[in-house]
Amino acid sequence: MEQPLLELRNVTKDFAIGGGLGLTERKIIRAADNVSFTIPGKKPTILALVGESGSGKSTIARIILGLLEPTSGEILYEGKDVRVWLKRDRKAYRRNVQMIFQDPYGIYNPFYRVDRVLYKAIKKFGLASSGNEANSMVVESMRAMGLRPEDLLGRYPHQLSGGERQRLMLVRMLLIKPKLVVADEAVSMIDVSLRCIFLNNLQDLKDRIKMSCIYITHDLNIAYCVSDDMIVLCHGKIVETGETKPVVKEPLHPYTQNLVSAIPIPDPKKRWKDTVDIGDVTFKELRSEEGCIYSHRCPHVMPICKEENPPLTEVKLGRRAACFLYR
Amino acid sequence: MDPILQVEDLRIYYKSIFGDIESVDGVSFSVNPNEVFGIAGESGCGKSTLVEGVLRLIYPPGYIKSGKILYENKDLLRLGDEELRRLRWKELSYIPQGSMNSLNPVLRVEEQMVDSITAHTDMPKEEARAMSIARLKDVGLPVEVARMYPHELSGGMKQRVIIAMAILLKPSLVVADEPVTALDVVVQKSVLQSIANLRDNYGITVIFVAHDLAAHAEIVDRLVIMYAGKIAEIGSVYDVFEDALHPYSKLLVAAIPSIEKEAVEGIPGLAPSPLNWPLGCRFHPRCPYAMPICSKEEPPLKEVRQGRYAACHLLR
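Peer 1: Run through the overall build of chain A, naming residues and quoting values.
Peer 2: Looking only at helices and strands, one finds 13 helices and 12 strands in chain A. Taking 20 Å as the expected radius of gyration for a compact globule of 327 residues, we find that chain A reaches 21 Å, a close match to that expectation. Principal axes of the C-alpha set define a box for chain A whose edges measure 70 × 55 × 50 Å. Counting over 327 residues, chain A shows a buried share of 46%. Contacts in chain A between residues far apart in sequence, at least 24 positions, make up 65% of those at least 6 positions apart.

Peer 1: Just give me the short version of the overall build of chain B, but keep the residues and values in it.
Peer 2: Of regular secondary structure, chain B possesses 9 helices and 12 strands. Computed over its C-alpha atoms, the radius of gyration of chain B comes to 20 Å, within 12% of the 20 Å expected for a compact globule of 316 residues. In terms of overall dimensions, chain B has a C-alpha envelope of 65 × 50 × 40 Å along the principal axes. Counting over 316 residues, chain B shows a buried share of 48%. Contacts in chain B between residues at least 24 apart in sequence constitute 62% of all its contacts with a sequence separation of at least 6.

Peer 1: Before we move on, can you summarise the packing of helix 5 (residues 131-144) of chain A against helix 7 (residues 162-176) of chain A with the specific residues and values?
Peer 2: All names here are of chain A. Following both chains from N to C, one finds helix 5 and helix 7 inclined at 120 degrees, their axes separated by 9 Å at the closest point. One element, helix 5, and the other, helix 7, form an angle in the oblique class. Here helix 5 runs over helix 7; the crossing is right-handed. Every residue of helix 7 that contacts helix 5 at Met 137, Ser 141, Met 142 and Ala 144 is listed here: Val 171, Leu 174 and Leu 175. Residue classes in the contact of helix 5 with helix 7 are distributed as 6 nonpolar, 1 polar and no charged.

Peer 1: An account of helix 1 (residues 57-64) of chain A is requested, with residue identities and associated values reported.
Peer 2: Residues and elements named next belong to chain A. Among the 8 residues that make up helix 1, 6 are buried, leaving the element largely enclosed by the rest of the structure. What helix 1 keeps buried is the set Lys 57, Thr 59, Ile 60, Ala 61, Ile 63 and Ile 64. In the stretch just after helix 1, Gly 66 is the one whose phi turns positive, near 80 degrees.

Peer 1: An account of the domain arrangement of chain B is needed here, citing residue identities and associated values.
Peer 2: Residue and element names in this part refer to chain B. Here chain B is partitioned into domain 1 (5-91 + 171-315) and domain 2 (103-170). Averaged C-alpha coordinates put domain 1 and domain 2 at centres separated by 29 Å. Domain 1 puts 14 residues into the contact, and the matching count from domain 2 is 13 residues. Among the elements that make up the side of domain 1 that touches domain 2, the one with the highest residue count is helix 6 (residues 185-202) (7 residues). Split by residue class, the side of domain 1 that touches domain 2 holds 11 nonpolar, 2 polar and 1 charged.

Peer 1: Quick rundown of the sheet that holds strand 9 (residues 229-234) of chain A? Include the residues and the values.
Peer 2: Residue and element names in this part refer to chain A. Pairing within the open sheet is mixed, and its 8 strands lie in the order 6-7-8-3-9-10-12-11. The open sheet has two edge strands, strand 6 (97-100) and strand 11 (313-316), and neither has a second partner. Averaged over neighbouring strand pairs, the angle between their axes works out to 20 degrees when direction is ignored. As defined by bridge partners, strand 6 adjoins strand 7 (residues 180-184) across 4 bridges and the pair is classed as parallel. Residue pairing across strands places Val 97 opposite Leu 180, the latter belonging to strand 7.

Peer 1: Help me get a handle on the nonpolar core, residues and values and all.
Peer 2: Residues Ile 195 and Phe 208 of chain B are the most contacted members of the largest nonpolar core, which totals 195 residues. In contact with Ile 195 of chain B, not counting residues within four places along its chain, are Val 36, Ile 163, Ala 176, Pro 179, Val 206, Phe 208 and Ile 219 of chain B.

Peer 1: Can you lay out the packing of helix 3 (residues 109-120) of chain B against helix 4 (residues 125-138) of chain B for me, pointing to particular residues and giving the numbers?
Peer 2: All names here are of chain B. Direction vectors running N to C along helix 3 and helix 4 enclose 120 degrees, while the axes themselves pass 9 Å from each other. Judged by the inter-axis angle, helix 3 sits oblique to helix 4. For the pair helix 3 and helix 4, the sense of crossing is right-handed. Residues Glu 110, Met 113, Val 114, Ile 117 and Thr 118 of helix 3 touch helix 4, and the partners they reach there are Lys 125, Ala 128, Arg 129, Met 131 and Ser 132. Across the contact of helix 3 with helix 4, the residue classes break down as 5 nonpolar, 2 polar and 3 charged.

Peer 1: Any details on the domain arrangement of chain A? Residues and values, ideally.
Peer 2: Residue and element names in this part refer to chain A. The domains assigned to chain A are domain 1 (6-111 + 169-249) and domain 2 (251-327). On a C-alpha basis, the centroid separation for the pair domain 1 and domain 2 is 23 Å. Taken together, the contact pairs 15 residues of domain 1 with 17 residues of domain 2. At the level of elements, helix 9 (220-226), strand 9, strand 10 (237-243) and helix 10 (244-249) are the ones that each hand at least two residues to the side of domain 1 that touches domain 2. Looking at the side of domain 1 that touches domain 2, the element that brings in the most residues is strand 10, giving 7 residues. Each residue belonging to the side of domain 1 that touches domain 2 can be placed in one class, and the counts come to 8 nonpolar, 4 polar and 3 charged.

Rules used throughout
- Residues numbered from 1 in each chain as written.
- Chains lettered and ligands numbered in written order.
- Predicted model: local features only at pLDDT ≥ 70, side-chain atom pairs only at ≥ 80, totals over all residues.
- Helix = DSSP H or I, 4+ residues; strand = E, 2+ residues; numbered from the N terminus.
- Rg over C-alpha atoms; globule rule 2.2 N^0.38 Å.
- Buried ≥ 20, exposed ≤ 12 C-beta atoms within 10 Å, placed from the backbone.
- Contact = placed C-beta atoms within 7 Å.
- Axes fitted to C-alpha atoms, helices over the stretch in contact; angles between N-to-C directions.
- Parallel < 35°, antiparallel > 145°, perpendicular 65-115°, else oblique.
- Left-handed = near helix turned anticlockwise from the far one by under 90°.
- Nonpolar A, V, L, I, M, F, W, Y, C, P; charged D, E, K, R; others polar.
- Domains from an automatic or database assignment.
- Pairing = 2+ DSSP bridges.
- Core = buried A, V, L, I, M, F, W, Y, C linked by C-beta atoms within 7 Å.

Pasting the structure below:
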């Protein structure tokens, strides 16, 4: 069997809230609950991690990057535990697993020119042997991403639009050539007209440098456009996985069905016909303590759902769902 | 049918050391009673400034250079402060961008609602309280919410409390600026439906500002597409989505990622800076159909077909 690029094995992360000074009750919030998935080693893939806010998407991203320690479970990158990577060969791990953040305004230091994020990367990872080589690498990479170096180099961050700043991050990826990029809501702060340019660039990058990507978003329209595979999270648990197209077109899990039916379709002739159940929305913070986490909102709830936790099982070829409807 | 609101050649500028920033630059449109009127466009195109101007909420360094805002044949720009204050909330109400985060954290929802009522009417407190609860029910919130503090509510619930506050005194016009931005899909759907409800069940006219065209497609009746401080196109939402007249609206509709589409293309180039609008048509540097005239003359907004307006030299 081929070695996966990244493998998460039963990753769980608990956060404790409250309990300060013994005045409030201490509660445990489980942000990631027994999460396991793999990213294949050979074929570069864009994997979308979707779910509502609070579903644990960003927690998983931060665990993969080694910014958070999981409470239990392990993360293997090329077969070795991330903790080992970070201890023994931090630089190699940082080079191979990169991040694109949500806020293109916060990541640049306003006092430095934008070139710095590119040259720093070249220097840090020793990508060029001379200044001239570095310059030509930067220029070439920018051209490859459809940006005009003469317009952007030497500018300060405030002179660039959000779209340009995010695309500059992709240029940085093209220089560093990581094997995996974690992109957390990378286009949510960019204008609509520029979003698809970024997404097309990202897909282009996948083929060009054989880079896999974990794309985190709550926007299923975007996830559908950019990703090959999809993982749907609900309250920290994986409820459904599979190839993006079938997951969105024929969702198996009632939670995914609910999400998909709430996507606004940009066509006034295809308006929603149903209304959202208000109870659904009002008490969304509640999760069932026992049994299936979605059982209190699920329209197909059965007695067993309140008692047992449905395992993630293969329903069809390449499609897995955690739901007792598919036993 | 007489329009409820008519805006004529409105110009709103911001003073700066580089000269005036022409944020809204000659905008005219009218809003019919009992419709959801959408305003869409990229960030920085002047959507928010426009609606703030309509409610006369522009503060220095911004100022309203010229224009008319007729609300039921009264020019809002000529009203005295006291007269305007009496119109606000009772007839015109406003849901500012991000207002769900400005609920007072130390007051119960009910108290904040009662405050707004007593500030604008001389209704007794008990009656005001009953009315607040009724409005919460109108937007589909359970009664218990009235006794809760903002931190006990989810984002969608807070946004609905804000909508309930906006309709407290049964206004005829509600202006909602980006009310569904930063909400989850399911919550977004419920809030959008509450807004459509204002029109369907309470006969309230809504001006709905959002950058997300998919949200417009779900609830809006007529849609304005703005670009660089000007109106590019006005038409029914069906017309704009199906057969946009202006190249910018056409490209913008094509650029929305959707589960109904396999591939999408963005619009190359960048939105221009309001300090330095391009000469002629402001979209010409990004327009695939640009002609020589486009960089010289500014195209006027014209009625191209019945009820459909666009500003483009192609449509002469």
